[in-house]
Each structure stands twice: as C-alpha cells, then as structure tokens.
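One letter stands for each residue in the lines below.
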Amino acid sequence: MPLQVPPAPAPALRSVLTALGSPTAVREARTPSLRAAQGPAIPELPLPVHVLDRITPEGVSATRLAGWRFLIRCGDRAVAAADTMLTPDGWAFSHFFEGPYVTSTERALHQAEALQQTYQPRLLSVPGLYMLTLWLHGDCAADGSEGHPAATDLLVPLAPAPPGIAAHRPHLVDELLPVLTHRVTPAPLLITPA
C-alpha cells in the first residue's frame, strides 16, 4: 500500500530549496556525498520530526513537533537529509547531514510500503535513548505536525537502534512504549544509612 506523506509547510520546502541552491550552504555542509553529488539534488519525502519528551504514568506520550526532515535524492538514492526548524519568523533551513539514519529511513519507508495498511509516515525521536523511529500513523488524514502516537500505530526503530531493540522491526506503540518508558525512567537512588 502506498504511504500518505503529509505535505510539508511551503516555507520549509522553500528554505531547503534555497539552501540547495546556495554554493556556500552545500560547500560548508558536513556532507561529502552531497558536495560530490552529480546531477540535481532534489528534496523529497518530507517527514515531520516529533520528539518524545516523556511518557506519563498513565502511558500517554507527550510529543512535540521539532521540525521537518527532507531526504535529498541524487539519482536513484538519498545521499543526505535536510532539517528545518520553526523560528519566530517561520520555517527555516537548519542543516544538511548524512549518515546511517538517512539510509535507514529510506529502507524503513520501503518496508512500510509493503504493509497491508496505508499509513502516514513521521519520525519520532527519543533523545533519552539516542533513538529515532519511523512512526507509521494510522490516521492518514491527520495534520502531520500534530498528534500523539496511537496504540495501533507502528514504530519502526531505525539503525543504529539502542542495544536490545531490533532495528527495522515494526512494533505496535502499545508494545514498544512500555519498553522505552522503562529504559528512559531513571532508577531510584538507593539510600543507605550513614
């Protein structure tokens, strides 16, 4: 089934296109593959990047939109990504980057297209675990910049995933969030008598 990619804010896309057209921005980026790319670099597959700040004792996740990420395609593959962020003046280009999350995101999106259900793809970052997941949201008509993971949504950990969590294996939110909550929650301090 095809994925229903949410539309990115037009100013976010314009800021990425402007950065791609700027020799200074591309040359100074820490992305050798983007600097060495032959042919046009095209931003595609805009994904809203949400951050999982915490999970309440009731199991409800508190997320916030952190930006939009565009995969930068040259030829037949993504060679880099571009992040945008919301500023007081609106959406602005943040930075280019490359590395394992670019190829892992592309792989997870291809895997998601083979699923029997249509999903809206998003990214969910779990900073406390240095973890990034492809969040497959079941409500394809939803605003990609809002919402929280629903119990029946899927989370696909991207590589590199934290130890003990398999990358590229889809998990229901109800299955994975308790594991993440347990790992992110600090252990209580042991008090010993003096």
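Up top you'll find the structure we're talking about.
Note that this is a predicted model, so its numbers are computed, not measured.

Digging into the overall build of the protein chain
- The number of helices and strands found in the protein chain is five helices and eight strands.
- Reading the helices (α) and strands (β) of the protein chain from amino to carboxyl end gives α-α-α-β-β-β-β-α-β-β-β-β-α.
- Expressed as a percentage of its 194 residues, the buried residues of the protein chain come to 42%.
- Accessible area for the protein chain stands at about 10,400 Å²; split by element, carbon and sulfur atoms hold 59% of it.

Concerning the environment of S145
- When you line up the elements, S145 lands in the loop between β6 (131–137) and β7 (154–157).
- Judged by relative accessible area, S145 falls into the partly exposed class, the value being 25%.
- Taking the C-alpha atoms as reference points, S145 and G67, separated by 78 residues in sequence, lie 8.6 Å from one another.
- Apart from residues no more than four positions distant in its own chain, S145 is found in contact with H50, L65 and W68.
- At 2.8 Å, the side chain of S145 and the side chain of D143 are in polar contact.

Considerations on the packing of aromatic side chains
- Under the criterion given, the structure shown has one aromatic pair.
- Measuring from centroid to centroid gives 4.7 Å for F93 and F96, while their planes differ by 55°, and the two rings are tilted.
- Overall, the relative accessible area of 23% leaves F93 in the partly exposed class.
- Taking the ring centre of W135 as reference, the NZ or CZ of R122 above it sits at 4.7 Å.

Section: the pairing of strand β3 (residues 77–87)
- As judged from the seven bridges shared by β3 and strand β4 (residues 90–97), these two strands associate in the antiparallel manner. Opposite L86, over in β4, you have W91 as the bridge partner.
- Counting the residues between successive antiparallel strands, the hairpin from β3 to β4 contains two residues.

Digging into the nonpolar core
- Judged by nonpolar contacts, the single largest core of 19 residues is most densely connected at L123, L134 and L136.
- If you list the elements that add at least two residues to this core, you get β1 (42–55), β3, α4 (100–113), β6 and β7.
- Top contributing element to this core by residue count: α4, with four residues.
- Listed in part, the 16 residues of the second largest apolar core include V26, W68, A80 and A82.

Quick look at helix α1 (residues 10–20)
- Here α1 has its buried residues at A12, S15, V16, A19 and L20. For α1, the buried positions fall inside an angular range of 135° around the axis, keeping them on one side. Looking at α1, the residues exposed on the side facing more than 90 degrees away from the buried face are R14 and T18.

Reading the values: rules and limits
Residues numbered from 1 in each chain as written. Predicted model: local features only at pLDDT ≥ 70, side-chain atom pairs only at ≥ 80, totals over all residues. Heavy atoms only, no water. Helix = DSSP H or I, 4+ residues; strand = E, 2+ residues; numbered from the N terminus. Buried < 20%, exposed > 50% of the residue type's maximum accessible area, 1.4 Å probe, protein only. Areas by Shrake-Rupley, 256 points an atom, 1.4 Å probe, with all protein chains shown as cover. Contact = heavy atoms within 4.5 Å. Polar contact = N/O pair within 3.5 Å; in protein donor to acceptor, adjacent residues only side chain to side chain. Phe/Tyr/Trp six-rings, centres within 6.5 Å; stacked < 30°, edge-to-face > 60°. Lys NZ or Arg CZ within 6 Å of the ring centre and 35° of its normal. Pairing = 2+ DSSP bridges. Core = buried A, V, L, I, M, F, W, Y, C linked by side-chain atoms within 4.5 Å. Arc of directions from axis to C-beta.

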